[in-house]
Amino acid sequence: MASPKRIKKIKFGLLSPQEIRKMSVTKIITADTYDDDGYPIEMGLMDPRLGVIDPGLRCRTCGGRPGECPGHFGHIELVAPVVHVGFAKLVRKILRATCRKCGRLLLEESIKKSYLDQIKLLNKLGQTSDEIVKSVFRDAIKVSFCPYCEETQRDIKFEQPTSYVEDGHKLMPADIRDRFERIPDEDIEVFGMDSKNARPEWMILRVLPVPPVTTRPSITLESGQRSEDDLTHKLVDVIRINQRFQENREAGAPQLIIEDLWELLQYHVTTFLDNEVSGVPPARHRSGRPLKSLSQRLKGKEGRFRGSLSGKRVNFSARTVISPDPNLSISEVGVPIEVAKELTITMNVTPRNLEECKEYVRRGPNNHPGANYVKRADGRRVKIIDENREELAELLEPGWKVDRQLKDGDIVLFNRQPSLHRMSIMAHEVKVMPYKTFRINPAVCPPYNADFDGDEMNLHVPQTEEARAEAKILMKVEENILSPRFGGPIIGGIHDHISGMFLLTRGKVTLNKNTALELLKKSDVKDLPKPAGYENGKPYWTGKQIFSQLLPKGLDLTYRAKMCENCEICKREECEKDAYVVIRDGKLLCGAVDEVAIGAFAGQILDRIIKEYGVVEARKFLDNATRLAIRMIMRIGFSFGIDDEDIPREAQEQIHDIIMNAEDRVKRLIEAYEAGELDSLPGRTLDETLEMKIMQELGKARNQAGDIAGHHLGMDNSAVVMAISGARGSMLNLTQMAACVGQQSVRGERIQRGYSERTLPHFDEGDLGADAHGFVKSSYKKGLSPIEFFFHAMGGREGLVDTAVRTSQSGYLQRRLINALQDLEVKYDGTVRETRGLIVQFVYGDDGVDPSKSDYGRAVNVRRIIQNVTGEVMEG
Amino acid sequence: MAKKDTVEALMKRGVGSKTAETLCNAGFTLSKLRNASVEDLVEAGISSTNANRVMKKIGKPIEKAKEVSPELIDSKLRGLPLPPSIIDELQRDLKRIKLTETQLDKILQMTVAAYEKAKVEPCEAVGIVAAQSIGEPGTQMTMRTFHYAGVAEISITLGLPRLIEILDARRVPSTPMMTIRLEDEIKSDRDKVRKLAWEIEAASPLDVGDLAIDLAEMRIMIDLSEKALSQRKIAPEEVAQRIRDEMGVDVSLDGLKLIIRPEQSSYRELLQLVEKIRGVTLKGIEGIRRIVIRKEDGEYVLYTEGSALKKILQCKGVDPIRVKTNNINEIADVLGIEAARNSIISEAMETLREQGLEVDMRHIMLVADMMTCDGEVKQIGRHGVAGEKASVLSRAAFEVTVNHLLEAAIRGYVDELSGVTENVIVGQPIQLGTGDVEPVYRGG
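Residues numbered from 1 in each chain as written. Chains lettered and ligands numbered in written order. Predicted model: local features only at pLDDT ≥ 70, side-chain atom pairs only at ≥ 80, totals over all residues.

1. What about the overall build of chain A?
Phase 1 of the analysis: Looking only at helices and strands, chain A features 27 helices and 31 strands.
Phase 2 of the analysis: Here the C-alpha radius of gyration of chain A, 38 Å, is well above what a compact globule of 876 residues would show, namely 29 Å.
Phase 3 of the analysis: In terms of principal-axis extent, the alpha carbons of chain A reach across some 120 × 100 × 65 Å.
Phase 4 of the analysis: Within chain A, buried positions represent 40% of all 876 residues. (Helix = DSSP H or I, 4+ residues; strand = E, 2+ residues; numbered from the N terminus. Rg over C-alpha atoms; globule rule 2.2 N^0.38 Å. Buried ≥ 20, exposed ≤ 12 C-beta atoms within 10 Å, placed from the backbone.)

2. Here's the deal with the interface of chain A and chain B
Phase 1 of the analysis: Taken together, the contacts link 91 residues of chain A with 96 residues of chain B.
Phase 2 of the analysis: Looking at the side of chain A that touches chain B, the elements with two or more residues in it are β1 (10–11), α9 (294–298), α10 (304–309), α26 (786–821), β29 (825–826), β31 (839–841) and α27 (862–870) of chain A.
Phase 3 of the analysis: For the side of chain A that touches chain B, the leading source of residues is α26 of chain A, giving 14 residues.
Phase 4 of the analysis: Taken together, the residues of the side of chain A that touches chain B break down into 36 nonpolar, 29 polar and 26 charged. (Contact = placed C-beta atoms within 7 Å. Nonpolar A, V, L, I, M, F, W, Y, C, P; charged D, E, K, R; others polar.)

3. Some words on the sheet that holds strand β5 (residues 219–224) of chain B
Residues and elements named next belong to chain B.
Phase 1 of the analysis: Pairing is antiparallel in the open sheet, where four strands are placed in the order β4-β5-β7-β6. Two strands lie at the open edges of the sheet, namely β4 (209–214) and β6 (250–254), each paired on one side alone. Along the sheet, successive strands turn relative to each other by an average axial angle of 20°, direction set aside.
Phase 2 of the analysis: When β6 meets strand β7 (residues 257–261), the two strands line up antiparallel, connected through five bridges. Within the sheet, the bridge partner assigned to serine 252 lies in β7 and is isoleucine 259.
Phase 3 of the analysis: Packed onto the sheet, helix α13 (residues 236–247) meets β5, β6 and β7 and runs at close to 170° relative to β6.
Phase 4 of the analysis: Sitting on the sheet, helix α14 (residues 267–279) is in contact with β4, β5 and β7, with an inclination near 30° to β5. (Pairing = 2+ DSSP bridges. Axes fitted to C-alpha atoms, helices over the stretch in contact; angles between N-to-C directions.)

4. Comments concerning the domain arrangement of chain A
Phase 1 of the analysis: By domain assignment, chain A separates into domain 1 (26–72 + 211–306), domain 2 (85–199), domain 3 (317–480), domain 4 (496–636), domain 5 (642–794) and domain 6 (825–870).
Phase 2 of the analysis: Relative placement of domain 2 of chain A and domain 6 of chain A: their C-alpha centres are 52 Å apart. (Domains from an automatic or database assignment.)

5. With respect to the environment of proline 429 of chain B
Residue and element names in this part refer to chain B.
Phase 1 of the analysis: Counting through the fold element by element, proline 429 comes out in the segment after α21 (420–426).
Phase 2 of the analysis: In this structure the C-alpha to C-alpha distance between proline 429 and arginine 268, which are 161 residues apart in sequence, comes to 66 Å.
Phase 3 of the analysis: Apart from the residues within four sequence positions on either side, proline 429 is in contact with Asn423 and Gly435.

6. So, the packing of helix α16 (residues 496–505) of chain A against helix α24 (residues 718–725) of chain A
All names here are of chain A.
Phase 1 of the analysis: Between α16 and α24, the least distance of the axes is 9 Å, while the angle of their chain directions is 100°. Overall, the two elements α16 and α24 adopt an arrangement that is roughly perpendicular. Residues Ile498, Ser499, Phe502 and Leu503 of α16 pack against Val721, Met722 and Ser725 of α24.
Phase 2 of the analysis: Here the residues of the contact of α16 with α24 sort into five nonpolar, two polar and no charged. (Parallel < 35°, antiparallel > 145°, perpendicular 65-115°, else oblique.)

7. Some thoughts on helix α23 (residues 686–712) of chain A
Residues and elements named next belong to chain A.
Phase 1 of the analysis: The terminal C-alpha atoms of α23, which comprises 27 residues, lie 39 Å apart, in line with the 39 Å expected from a rise of 1.5 Å per residue.
Phase 2 of the analysis: Within α23, the full set of buried residues consists of Leu690, Ile694, Glu697, Leu698, Ala701, Arg702, Gln704, Ala705, Gly706, Ile708, Ala709 and Gly710.
Phase 3 of the analysis: Buried-residue contacts for α23 involve α22 (649–674), α25 (731–738), β25 (742–743) and β28 (775–776). (Expected span 1.5 Å × (residues − 1).)

8. Thoughts on the sheet that holds strand β21 (residues 538–542) of chain A
Residues and elements named next belong to chain A.
Phase 1 of the analysis: Strands sit in the order β19-β21-β20 across an open sheet of three strands; the sheet is antiparallel. Only two strands of the sheet have a single partner each, and these edge strands are β19 (510–512) and β20 (533–535). Recorded for the sheet is a direction-independent mean angle of 50° between the axes of neighbouring strands.
Phase 2 of the analysis: Pairing between β20 and β21: three bridges, direction antiparallel. Within β21, the position partnered with glutamate 535 by the bridge is lysine 538.

9. Considerations on the confidence of the model for chain B
Phase 1 of the analysis: Across chain B, the average pLDDT comes to 81, with 86% of residues at 70 or higher.
Phase 2 of the analysis: For this predicted complex, the interface confidence reaches an ipTM of 0.89, while the overall pTM sits at 0.87. (pLDDT = per-residue confidence, 0-100.)

10. Focus on the nonpolar core
Phase 1 of the analysis: Formed by 171 residues in total, the largest nonpolar core has its most connected members in Leu821 of chain A together with Val126, Leu366, Val367 and Met371 of chain B.
Phase 2 of the analysis: Filtering out sequence-adjacent residues up to four positions away, leucine 821 of chain A remains in contact with Gly127, Ile128, Ala130, Ala131, Leu366, Val367 and Met370 of chain B.
Phase 3 of the analysis: Within the second largest apolar cluster, 108 residues are counted, among which are Ile345, Ile411, Ala471 and Leu520 of chain A. (Core = buried A, V, L, I, M, F, W, Y, C linked by C-beta atoms within 7 Å.)

Here you go:
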């Protein structure tokens, strides 16, 4: 590919009337667009020289077809000049800062000079001269006699949006233009303006450029009627008034009428440029909808800048629903065959791949790994169809290009919105599969923040060799297991992976040969260790042994599992909960494998493997571990139903008693409060103290109830297993289901809102009791009373509102952060600079360490090295 | 046969079967093992940890190879191309264990190698990574504005609102707060601390008495409390004088009763006066609205609602080095831009940590440096960093599109197309990361 031209810089400036005329291909004089035959009228707004939009026609100016011809400007000669709204404020400032007679800046030569020097210096340093320019205007406006011609300056009032009054006498744009023309170039520079590209008189329009038809295409409705663009409508208005103005002036109409028409012309030009100026009623379409002006086209999220220029549309992409497939590797993505047939990769035919290419072409578009198009050496693209595939295959020769279909092993980018961090787009290997959803391994859900409740994801196929290399080296899933946010794994086992692994490794699970082999069947591991022992003469293996088979040799690790309760004296290896995990030389000696071991965001084992054995090993481990876990959980059978929340009658009674006691205590607190016997906590009012104490009391009761329930739900309860292993849910969730839901809150307080002095009409006024303010005694299992249900809904609603507000706020924060920091880069000298070369940091992060290569933020794990060299394990 | 014996002998001494076998296969016998070094074993294909374990069990009690002295460690550490934090860690940990010189050298060599491996690569787009790393957890943060952190009595803004506040570089945070630690002489004396607190806390007339509006007579009455006055060491006359000075109204004192009459006796005037009286500071530092004293690690610490850094630093008895405030702009004014930078880092880190979100310090450092790199605290956003960017297109694409374009035309700005947004807009590769380098064909 020839290296494309690079735009080096873009200069901004104002268009002078001469320039507008020069770039114009025609003067527009008639407001009509098409004649009766449907042909565009010459010198009308749809003049064929302005470009083409109708298919089949050619541009009269450049001869290009629609799509090729960029369009060409025309112009309207305005009968009288009008002010450009965007510059209205600046026009006033300049009017007040220059002499009404000689047009010079109202500052003495020496002051002017010093300002000019400062501006030049700042410009040279690449800094803004805003402050200086501001003070120039501030000083100049105060002057009442021109220092050059001694003319007395008059006060100029500005009336929104575009009229200027000098001593009760209205200044017409023509007068303003005359004055501006007298300002010398040198004085213009002091206003911070570019005298060559932005003369102030150019802010008063005498000629209006007419944008090409390509920017305002008309659409043909079903009825065959043409519907014009808003801009065209606006231009029609301008031309009409312009004509009327001219006729009236030539007819010698009275000044009053001329002025009215002038104002009307100003209005139309203003609303052509910006239809949201304050003080101007927006121009409307016949239907009453405000017209979309030039400014509105640029502005805002869907505007030209953010919507069309910063956000690009692409080809070679696909989108569909995602669903899980635990048998895929984490670095794979299952692509529906329909999608694979549509997406293509261009192959350059060379003598070396000629045969391969021929085979693709021969298979055609309907026979999966086939090809959809060939591009001949002369650049003609030919669609492959069943009728011509054999023929094309024979014709194929080096120099041609073949668009072959996506097949297994291709690299594609996979993405889920919102793309909040770089792990939201990762490269996967294609695995073409039947059915219509994208399939991913559930272990890669955390970085995408995906679930399978109907989420859709996008897939992009990189088209060049460079792009594919980059995707493979930098964006592969395994390269992104470690998050640059904190230097730990962000991909890891979730839900059933963790439950399964936990059930396999906790305590002593014994497995016979068949089971053991079956569990390992889907993993890379093909051999079993020596049996742990014999039972009835048959060998058996432990779950820990099976898991150990997946660990790389030489891995040493000691940590505490999720269920560790931080006992005062740690029994270490003897822990009866199996919460002390020891791995020696790749053998799990004790402890259960849970979320802290292989989970996303936490996975200790995973983390160690990546950092010591590399990402490929880590990917293999994850693939094997998740498969093993899924097999295990399928073997055991793992379910949760409503009867898993059952607790014995005596426990229910205990819970009932606890809650009754708590209510009693709350009652006593209220009595004490009403009797004035309650002491307030330091820095709190009496009311607040009471609230806090009640909350405390009820919280305590809920916890006690929860403890009792937890006590009766043993480790054979699936929900308990999930909570303890960290797979899903918490003991709190469980106790809410089984024992007591507890206090509902809005804004961190008990529920206070509702009727005057009470939350619901069911309560007495001023009732401070537990149930009057949202304490839910029931459990979810038992069911909530209507009143409890209502309070619960209040708490729930707050949560929903909170989430909605939060997403918008944090989205905006993210946008601002990205915008502020996106240009920063580490240079070869190790400094962090922004694009202008401004140094932001001399060494990145004070130590030059990449957080994604660090060990949870630390540059080097010194202890690990010492342990490796000397064998000394250091703690504390 | 001999091999099998050795394996058994080794296993008897507590060596794992696999290790034992590898050792024998490498030709080791018991006697040979006794004379071997750890390195020899490693060469035979055993992990270093294991080798050490084997040596402990079999090798002759590792001959006390000359231990390195702390001085040698220090001298070796000097001049290593490592950041201070690692040097410190090495210094601390190496002195706790016994080492031979070869081991020391090996450790240092491995550390330097690991450090080199962990360094950022040139062309890395660290800015975007930092922005994402801070922005992404934002979605997981709570909106709950008020939270009682640390001190139950003082509520402070936390979570996402606080993070936004820090990055917005607001002049005054929504809940300014200070933590004041005191000098050694008084820090453990409860009475003295209490006294100091009374001195610092701003007292309004309402703090020392009860206010009542007498509508019949069109006057305001304040019943001063003797206890409150003596606690704060204010004389009733002083209160009267202060109100007179501040507001220029007629104040008369009758015992402990303050009677204030507005100049014009209108109801509105009266109510306005009450509001004004509320705002009068009789004593203490303006802005310090409330103080809570807490005992922490054997010393009394003052937590204040409101912040007035400059004045607090000048207070007698306050340990100026250990005073903290959460008002970043105030820190910039009083202590300078470097202090403000550190404060942005610590405040942002604290906010994130409190939410249980782990974010690497380096990302926040970069944001803080970006906000403070030209000497004043700039906001992340339109009125700060993003608004001062060199590129017109980039600014236009961010916010207030039209105004930026109009201004660019007037000023004759030139967009050099060096940043990310500009190049995306014109459709060319960006000059960051892999866009900043090109593959070169090395012939031959």
